[in-house]
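What follows is each chain in one-letter form.
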Amino acid sequence: MQRALVRAIPASFANALSATPPASPIDVALAREQHAAYRAALEAMGVTVTMLDADERYPDCCFIEDTAVTGDGLALITRSGAPSRRGETEAVAAGLAPYLELARMTGPATLDGGDCMLLGSTIYVGRSARTNAAGIARLEEVFAPRGLRIVALDLPPDILHLKCVCSLLNTDRILLARDTLPARAFPGAAIVWVPADETYAANAVALGTHVLCAAEYPRTREALEAAGFTTHPVPTSEVHKADGSLTCQSILF
Ligand code: CIR
């Protein structure tokens, strides 16, 4: 059974982290509607969705992907590169514990789950402002004994997380935004290209032949459908204002 853990949006989401202040304030009521559409799309794709309560102390807590990396029956609970987000993990660990073995990360290591993409038996991990060398070393320590290979990729400073520019479609295919990382960074992977002016849409959630994608980017949708996927578009305006997108709103396991 494919499960997803998501986390409700707190009222404090209005103050979520954002690299550049949004042109208009975050509309929390609309964000919650969009979150409901996201959950419904996952359910339409056959996913069993469990939602954790929001925690008002953590405006970014709905971006649950960053708090854990899962693979081979295990969840590595991360230590975010954003100090304001470090308290998000305990509720997530409790939510995953019935299903997965847990491993932990301690300082000085930092890593955000949005920097990790498991493709086949390789975890690609972005070296970013959020994910440091000690975080990558801990990732390797936990997952290498389980047969997963860790490949670190340097991210340009303007990219928050690896999965801001690419995401998984299936075990040998990814969605990748043009003019970000080169295809050769992912040897052997087939690529569905996202036009450079739709880079935000390179973050999508795929299950089988179904892809949950950002509604506002028609050319990416066309590219996915031309590649044989059925798309499930969901609105993203409010998470976008907080530098979030689609994969970041769930942990799939
Ligand atoms: C942050 O800056 O941490 C949040 N405002 C956005 C996190 C988005 N996470 C992700 O794409 N994995």
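Our subject is the structure that appears above.
Everything quoted here is computed from the prediction, not taken from an experiment.

Conventions adopted
Residues numbered from 1 in each chain as written. Predicted model: local features only at pLDDT ≥ 70, side-chain atom pairs only at ≥ 80, totals over all residues. Heavy atoms only, no water. Pairing = 2+ DSSP bridges. Helix = DSSP H or I, 4+ residues; strand = E, 2+ residues; numbered from the N terminus. Axes fitted to C-alpha atoms, helices over the stretch in contact; angles between N-to-C directions. Contact = heavy atoms within 4.5 Å. Buried < 20%, exposed > 50% of the residue type's maximum accessible area, 1.4 Å probe, protein only. Polar contact = N/O pair within 3.5 Å; in protein donor to acceptor, adjacent residues only side chain to side chain.

### So, the sheet that holds strand β14 (residues 230-234)
No. 1: Strand order in the open sheet formed by three strands is β12-β13-β14, and the pairing between neighbours is mixed. Sheet topology places β12 (205-207) and β14 at the edges, where each strand pairs with a single neighbour. For this sheet, the mean inter-axis angle between neighbouring strands, taken without regard to orientation, is 20°.
No. 2: Pairing of β12 with strand β13 (residues 210-214) involves three bridges; the strand directions are antiparallel. Its bridge partner lying in β13, Ala206 is registered against Val211.
No. 3: Each of β12, β13 and β14 touches helix α1 (residues 28-44); the most contacted strand, β14, lies at about 160° to it.

### Some thoughts on the environment of Asp112
No. 1: Note that Asp112 resides in the loop between β5 (101-103) and β6 (116-119).
No. 2: The exposure class assigned to Asp112 is buried, which follows from its relative accessible area of 0%.
No. 3: Setting aside residues no more than four positions away along its own chain, Asp112 makes contact with Asp66, Ser80, Gly81, Arg130, Thr131 and His161.
No. 4: Polar contacts involving the side chain of Asp112 include one to the side chain of Ser80, which spans 2.9 Å.

### As for unusual backbone geometry
No. 1: Gly107 connects to Pro108 through a cis peptide bond whose omega is 10°.
No. 2: Assignment of secondary structure puts Pro108 in the loop between β5 and β6.
No. 3: Phi is positive for Asp243, which is not a glycine, with a value near 65°.
No. 4: Tracing the sequence through the fold places Asp243 in the loop between α5 (237-241) and β15 (251-252).
No. 5: You can call Asp243 partly exposed: its relative accessible area is 32%.

Functional significance is not addressed by these values, which are geometric in nature.
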